[in-house]
Amino acid sequence: MSIFSLFKSRSKTKHKSIVIESKYGIFTSHKFGKNGVVFDGKINWLDDIVDVSLHPSSTESLMADKSLEILCKIAENATEWDKKLRQYGADEFSDDNGMIEIWGNDENNNDSLPQTITKDEFINRISLGFMWIYPDGEVYFDYNLDEMFTDHGLGITANISGEIISCGLQG
């Protein structure tokens, strides 16, 4: 088999992208694992650009209608969702006095001693980086922690009804 025919035979089985357009963004399908597909795109989330992955209803389905519907519900109430998630993260990390111990690098990129900040300072420093939306109503939000915990992020899993399922450092 020549190199050309090997290339040619592989190109026949290449996944063709599917594009979903919505008022919040454009999402393009990509191969994900052996059999799955995920739709990736970007949305405007409170004046920041956030990466979003929409997961289809099943590995047999190439449609992400349910995940898109969930995204629309969340995006329509972005201010409330964002406020609730930030507050939950701050509450999880604060002590009884409402202070949060952070550790990371100083301005010279050296390990610094732990410092404490208020919940409000924490809430103002974090920003949503990406979210994964699943058709069963579960949503994973990943917040950038502005290097307050070295290179970790804040992962919060919730469901469309607003219940927080889990929260913790990621990375």
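The following paragraphs examine the structure supplied in this document.

So, how was this worked out
- Residues numbered from 1 in each chain as written.
- Predicted model: local features only at pLDDT ≥ 70, side-chain atom pairs only at ≥ 80, totals over all residues.
- Heavy atoms only, no water.
- Helix = DSSP H or I, 4+ residues; strand = E, 2+ residues; numbered from the N terminus.
- Buried < 20%, exposed > 50% of the residue type's maximum accessible area, 1.4 Å probe, protein only.
- Contact = heavy atoms within 4.5 Å.
- Phe/Tyr/Trp six-rings, centres within 6.5 Å; stacked < 30°, edge-to-face > 60°.
- Salt bridge = Lys/Arg side-chain N within 4 Å of Asp/Glu carboxyl O.
- Pairing = 2+ DSSP bridges.
- Expected span 1.5 Å × (residues − 1).
- Arc of directions from axis to C-beta.

Mapped onto the secondary structure, Thr-157 falls in strand 9 (residues 153-159). Taking relative accessible area as the criterion, Thr-157 reaches 11% and is therefore assigned buried. Discounting chain neighbours no more than four positions away, the residues touching Thr-157 are Glu-138, Val-139, Tyr-140, Glu-163, Ile-164, Ile-165 and Ser-166.

Enumeration over the complete set of coordinates arrives at five aromatic pairs. With 6.0 Å between their ring centres and 45° between their planes, Phe-93 and Phe-122 make a pair best called tilted. Of the two residues, Phe-93 is situated in helix 3 (residues 78-93) and Phe-122 in helix 4 (residues 119-125); the sequence distance between them amounts to 29 residues. The partly exposed category is assigned to Phe-93, whose relative accessible area is 23%.

The next point concerns the environment of Gln-115. In this fold, Gln-115 is placed in strand 6 (residues 115-118). Excluding anything up to four places from it in sequence, Gln-115 contacts Ile-100, Glu-101 and Ile-102.

On to the pattern of salt bridges. Tallying each qualifying case throughout the model produces six salt bridges. Residues Lys-42 and Asp-51 are paired through a salt bridge, measuring 2.4 Å at the closest nitrogen-oxygen approach. By relative accessible area, Asp-51 is classed as partly exposed at 34%. A salt bridge links Arg-86 to Asp-82, with the nearest nitrogen and oxygen atoms 2.6 Å apart. Separated by four residues within a single helix, Arg-86 and Asp-82 lie in helix 3, roughly one turn from each other. Asp-82 gets classed as buried once you look at its relative accessible area, which sits at 7%. Each of Lys-66, Glu-69 and Lys-73 takes part in one network of salt bridges that share partners.

This paragraph deals with the pairing of strand 10 (residues 164-170). Direction of pairing for strand 9 relative to strand 10: antiparallel, over a ladder of six bridges. Of the residues in strand 10, the one forming a bridge with Ile-156 is Cys-167. In textbook terms, the turn of a hairpin is the stretch between consecutive antiparallel strands, and for strand 9 and strand 10 this stretch comprises four residues, one of which, Gly-162, has a positive phi near 100°.

Okay, helix 3 next. Since the α-helix turns once every 3.6 residues, residues separated by three or four places project in the same direction. With 16 residues, helix 3 ought to run about 22 Å at 1.5 Å a step, and its terminal C-alpha atoms sit 23 Å apart, in line with that. When we look at burial in helix 3, the residues that qualify are Ala-78, Trp-81, Asp-82, Leu-85, Arg-86, Gly-89 and Ala-90. Seen along its axis, helix 3 keeps its buried residues to an arc of 155°; they face one direction. Residues of helix 3 that are exposed and angled more than 90 degrees away from the buried face: Thr-79, Glu-80 and Lys-83.

That is the geometry; function is a separate question.
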